[in-house]
Amino acid sequence: MKICAVICEYNPFHLGHAYLLSEMKKRGAVLAVMSGSFTQRGEAAVVSKYERARAALMGGADLVLELPFPYAASRAESFAAAGIRLLSLLGCVDELCFGSETGDAAALSAAAQRTRSSVFLAALARRLSLGHDISYRRAFAEVYGEMFGSDIFCGSNDILAVSYLSEMERQGSAFCPVAVRRIGEDYSGGGNGYPSASSVRKMLEAGDFDKIRTSVPPVMAEILEGAALNGRLASDRRLYPMLAALVRSGREVFSEAPDMTQELASRLSRAASHARDLAEFLALAGTKRYSPSRIRRAALYALLNVRGEDFSGVSYTTVLAANAVGRTLLADMRKTARLAVVTKPADAAC
């Protein structure tokens, strides 16, 4: 049985995700490796990983496994590296499928090769050394455009796709990449078609369930509405008072966090000492160089005491949901996997 995999967040699962899974279903059994309680931008997922996994199962997935924390809440390169490593260690994946603005796997593979070249990396390092007025992502896109005359890094899906393909080459992964053209809005909510996950989250904030019901599959709409009615929608805004309390107690919480500079640690400490809420904290700490996503990740790492050694390698995954086909995949996977596939977290070795 051919196994087609996707690395995802489903925060929340929407009609665009369901479309991708339907395209994958034509190719074989569908394995989803999904973020858990936190996402790549350092945000808390709006509902639990088990509820999102159930929606994915109803939407076409056969087996949903978890991409462990802290990789699930890391920058694109680390997120992609962990996802590809996990799939490789399973030892049974045939294809990696991903949504793409271009829908051109060959062009994305060529871009991945270019971004790994010493010439490109040297040019990127020079651009970043010029000052603090630009983020890594923007510098990356600008240098690539100047060198190769392409705007391929304008789309969030294509950016992740290039990270996946680069990691597949670096790790020597054997599975085949398959790009499926994205037909909905872009990440920020621009364009036409299926609303993006960020658009659905804005609908949640506004309590607009009429729009939500036309933007997500029925099971996801039911989950979101139930969570809203029962006060179970997660928000990283609720975590900010704990972070502020730690900083104001005099503890140094930022300097040892991964991907941290002394300048950023100082900015975060000052911001947390004065900001009344998360929005003000992000405004005070943010610059053109330090994006809201990077600041959110840094704050999350500090609050949860994440250290560099916590990124020592993917050693396990947890089963979040499976149907009959997924259970067959799981049984076969246990014969090929070179990492722990945990079915009952309470029984796993610490």
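Not measured: the values here are computed from a predicted model.

(A) Inspection of the nonpolar core at higher detail. Among the nonpolar cores identified, the biggest contains 53 residues, and Leu31, Leu87, Leu90, Leu96, Phe98, Leu108 and Tyr164 are the most heavily contacted of them. Broken down by element, this core gets its largest block of residues, 8 residues, from helix 3 (residues 76-90). With residues near it in sequence (within four places) discarded, Leu96 still touches Ala5, Val6, Ile7, Ile84, Leu87, Tyr164, Met168, Phe175, Cys176, Pro177 and Val178. One finds Val47, Ala55, Cys97 and Ala321 within the second-largest nonpolar core, a separate group that totals 37 residues.

(B) Fine view of unusual backbone geometry. Cis rather than trans, the peptide bond between Asn11 and Pro12 has omega equal to 0°. Summarising the element assignment, Pro12 is placed in the loop between strand 1 (3-8) and helix 1 (15-25). The omega angle of the peptide bond from Phe69 to Pro70 is 10°, so this bond is cis rather than trans. Relative to the helices and strands, Pro70 resides in the loop between strand 3 (63-67) and helix 3.

(C) Just the side chain of Glu51, in detail. Here Glu51 is to be found in helix 2 (residues 49-58). Assessed through its relative accessible area of 15%, Glu51 is described here as buried. Glu51 has contacts with Ile223 and Arg232, leaving out every residue within four places of it along the chain.

(D) Region of interest: the sheet that holds strand 2 (residues 29-35). Taken in spatial order, the 7 strands of this open sheet run 5-4-1-2-3-6-7, and their pairing is mixed. The sheet is open, and its two borders are formed by strand 5 (176-181) and strand 7 (340-342), each paired with just one other strand. Direction aside, the axes of adjacent strands within the sheet are offset by 30° on average. Summarising the sheet, strand 1 and strand 2 pair through 6 bridges and their orientation is parallel. Residue pairing across strands places Cys4 opposite Val30, the latter belonging to strand 2. Contacting strand 1, strand 2, strand 4 (95-100) and strand 5, helix 1 runs over the sheet at an angle of about 160° to strand 1. Here helix 2 sits on the sheet and contacts strand 2, strand 3 and strand 6 (316-322); the angle it forms with strand 6, its principal contact strand, is near 55°.

(E) Expanded view of helix 15 (residues 324-336). Taking 1.5 Å per residue as the helical rise, helix 15 with its 13 residues ought to reach 18 Å, and the 19 Å between its terminal C-alpha atoms agrees with that figure. Listed as buried for helix 15 are Gly326, Leu329, Leu330 and Met333. The buried residues of helix 15 occupy one face: seen down the axis, they fall within an arc of 105°. Helix 15 presents Ala324 and Lys335 as exposed residues on the side facing more than 90 degrees away from its buried surface. On its buried face, helix 15 sits against strand 1, strand 2, strand 3, helix 3, strand 6 and strand 7. Of the residues flanking the start of helix 15, the one acting as N-cap is Asn323, its side-chain oxygen 3.1 Å from the backbone nitrogen of Val325.

(F) Structural context of the pairing of strand 3. Counting buried positions along strand 3 yields 5 of 5 residues, so the element is predominantly enclosed. Bridge analysis of strand 2 against strand 3 gives 5 bridges, and the strand direction is parallel. Bridge pairing links Leu31 to Leu63 in strand 3. In this region the chain leaves strand 2, passes through helix 2 and returns to the parallel neighbour strand 3; the handedness of that crossover is right-handed. The pairing of strand 3 with strand 6 spans 3 bridges and is antiparallel. The residue of strand 6 that forms the bridge with Leu65 is Val319.

(G) The arrangement of the packing of aromatic side chains in detail. The final tally for this structure, using the stated rule, is 9 aromatic pairs. Ring geometry for Tyr10 and Phe13: centres 4.8 Å apart, planes at 90°, overall edge-to-face. Accessibility expressed as a relative area gives 3% for Tyr10, which makes it buried. Plain terms: the ring middles of Tyr71 and Phe311 are 5.2 Å apart, the flat faces sit at 85° to each other, and that makes the pair edge-to-face. Of this pair, Tyr71 sits in the loop between strand 3 and helix 3 while Phe311 sits in the loop between helix 14 (292-303) and strand 6, placing them 240 residues apart in sequence.

(H) Seen up close, the environment of Pro258. Considering the arrangement of structural elements, one finds Pro258 in the loop between helix 11 (240-248) and helix 12 (262-274). Taking the relative accessible area as the measure of exposure, Pro258 reaches 14% and is therefore buried. Considering only alpha carbons, one finds Pro258 and Arg116, 142 residues apart in sequence, at a separation of 23 Å. With near-sequence residues (within four places) excluded, Pro258 lies in contact with Tyr301, Val306, Arg307, Gly308 and Phe311.

Calculation rules
- Residues numbered from 1 in each chain as written.
- Predicted model: local features only at pLDDT ≥ 70, side-chain atom pairs only at ≥ 80, totals over all residues.
- Heavy atoms only, no water.
- Core = buried A, V, L, I, M, F, W, Y, C linked by side-chain atoms within 4.5 Å.
- Buried < 20%, exposed > 50% of the residue type's maximum accessible area, 1.4 Å probe, protein only.
- Helix = DSSP H or I, 4+ residues; strand = E, 2+ residues; numbered from the N terminus.
- Contact = heavy atoms within 4.5 Å.
- Pairing = 2+ DSSP bridges.
- Axes fitted to C-alpha atoms, helices over the stretch in contact; angles between N-to-C directions.
- Expected span 1.5 Å × (residues − 1).
- Arc of directions from axis to C-beta.
- Polar contact = N/O pair within 3.5 Å; in protein donor to acceptor, adjacent residues only side chain to side chain.
- Right-handed = clockwise from strand over helix to strand, strands pointing away.
- Phe/Tyr/Trp six-rings, centres within 6.5 Å; stacked < 30°, edge-to-face > 60°.

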